[in-house]
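So the chains spell out like this:
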Amino acid sequence: MKYVDEFRDPEKAKSLIREITRISDELSEDLKRPVYIMEVCGGHTHSIFRYGIENMLPASLELIHGPGCPVCVLPMGRVDDCVAIAEQKDTIMTTFGDAMRVPGSKRSLLQAKALGADVRMVYSPLDALSIAKKHPDKEVVFFGLGFETTMPSTALTVLKAEAEGIRNFSLFCNHITIIPTIKAVLDSPDLQLDGFLGPGHVSMVIGNQPYGFIAEHYQRPVVVSGFEPLDILQSLWMVLKQLHVGEARIENQYNRVVPEHGNRMALEAISKVFELRPFFEWRGLGSIDNSGVQLNQQYAAFDAEKKFSLPSVTIADPKSCQCGEVLKGAIKPWQCKVYGKACTPETPLGALMVSSEGACAAYYQYGGAPKDSIKIHQLEETSL
Ligand code: SF4
């Protein structure tokens, strides 16, 4: 297929849904429960609600929305640290739009900006570097976050800052890694998962091989998936086919974009600049070993955590907030007590309502509702 319309073809979608329903119903009858497949990536969660995919699936197949939205898993304490940096004199804090709205325990970056802090939205870390060049009298900090997808551009910016001798630029690093996270999800006693849709964008950088342990040690199939409706439906069908014949392999549905061994240059930039942190705190998932990165010793001069003194306090989420349960797939967003009431995209209580890739925001934006309340197989009436 060549054009985007072809990835949204209703006839092909219908035939995939028929096959998905047939295999899933059979599997579910044997299991005596629905088949549980987790889409790890927030981009998939967004597409699933945007195109109404969840409502087309049979009751025998349940999608669990995983922790792959980096904005959503950022704990409040890290946001507080970032706000503390932004509020220091002669400092310019820069970051992506979504990150400005993540609630801290007292305020978000956007609220800090309203109170007078110099917080600027950028489209890439290179924009932050340009701001640093224009304002040599200020400390310019880039609040970097994201999985391996965004890590290379941050790493290359640090390399460029070093090459050009720009010393008033630093990184508040909140980059996280996907593999330890999937392992933590698999080891979680509250979760029952039969297979995974692997993230497409992260895999573009790391390739398919790092997922091998999921098939080998946990005997769960993984299909790395694209983001269009037919990508997702085909990937679900591929996971189900493996389950049906008792296989657990890593397959690459998104091979038009994802190379088997990843992107060598991006991986080199990451390994040159970053090292693993012993542990990193995740909202709702707790501390996960080796799940975050920091600048290594060679680039410590660009590390905002070394340049600024930070409160670094662990802050619990508000009691009414059930982000952790949603992130682990234990409840659906609409089952959270404050969903759509105290917590909306305009007034997010939890981070899952902030980013368009957050499960709660996606449910809210596209009118997600309990599957039982919607008749399935109404393809003509969906947005496909
Ligand atoms: S509705 Fe708000 S508080 Fe509840 S889980 Fe979603 S983001 Fe968190």
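Residues numbered from 1 in each chain as written. Predicted model: local features only at pLDDT ≥ 70, side-chain atom pairs only at ≥ 80, totals over all residues.

The name an unreviewed UniProt entry assigns to the chain is Hydrogenase maturation factor, from the organism Undibacterium hunanense. Comment text from UniProt for the chain, heading Sequence similarities (unreviewed entry), reads "Belongs to the HypD family." (UniProt positions renumbered as here; feature names shortened; annotations may be inferred.)

Some remarks on the pairing of strand β2 (residues 61-68)
The buried count for β2 comes to eight of eight residues, which makes it a mostly enclosed element. With six bridges joining them, strand β1 (residues 35-41) and β2 adopt parallel strand pairing. Bridge pairing in β2 links Met38 to Ile64. (Buried ≥ 20, exposed ≤ 12 C-beta atoms within 10 Å, placed from the backbone. Helix = DSSP H or I, 4+ residues; strand = E, 2+ residues; numbered from the N terminus. Pairing = 2+ DSSP bridges.)

Structural notes on the sheet that holds strand β9 (residues 250-252)
Within the open sheet, the five strands sit side by side as β2-β1-β7-β8-β9. Their pairing is parallel. What marks the edges here is a single partner per strand, and that holds for β2 and β9. Pairwise comparison of adjacent strand axes, ignoring direction, gives a mean angle of 20 degrees for this sheet. In this structure, strand β7 (residues 195-198) lies alongside strand β8 (residues 222-224), joined through three bridges in parallel fashion. Looking at the pairing, Leu197 lines up with Val223 of β8. Strand contacts of helix α12 (residues 229-244): β1, β7, β8 and β9, with the helix running at about 150 degrees to β7, the strand carrying the most contacts. (Axes fitted to C-alpha atoms, helices over the stretch in contact; angles between N-to-C directions. Contact = placed C-beta atoms within 7 Å.)

Some details on helix α2 (residues 42-50)
Most of α2 is tucked away: eight of the nine residues are buried. Listed as buried for α2 are Gly42, Gly43, His44, Thr45, His46, Ser47, Ile48 and Phe49. Within two residues after α2, Gly52 carries a phi angle of roughly 70 degrees, on the positive side.

Digging into the site of the ligand
The local shell around the ligand holds 14 residues, among which Cys323, Cys336, Cys343, Gly350 and Cys360 are the closest. When the residues that make up the shell around the ligand are grouped by side-chain class, the tally is 12 nonpolar, two polar and no charged. (Near = placed C-beta within 6 Å. Nonpolar A, V, L, I, M, F, W, Y, C, P; charged D, E, K, R; others polar.)

Brief notes about the domain arrangement of the chain
Annotation of the chain at the domain level lists domain 1 (4-69 + 179-261), domain 2 (76-174 + 292-307) and domain 3 (323-365). The C-alpha-based centres of domain 1 and domain 3 are spaced at 22 Å. The partner domain 3 presents 11 residues to the 13 residues of domain 1 that form the contact. Broken down by secondary-structure element, the contributors of at least two residues to the side of domain 1 that touches domain 3 are α2 and β2. Ranked by residue count, the leading element in the side of domain 1 that touches domain 3 is α2, at five residues. The class makeup of the residues in the side of domain 1 that touches domain 3 is six nonpolar, six polar and one charged. (Domains from an automatic or database assignment.)

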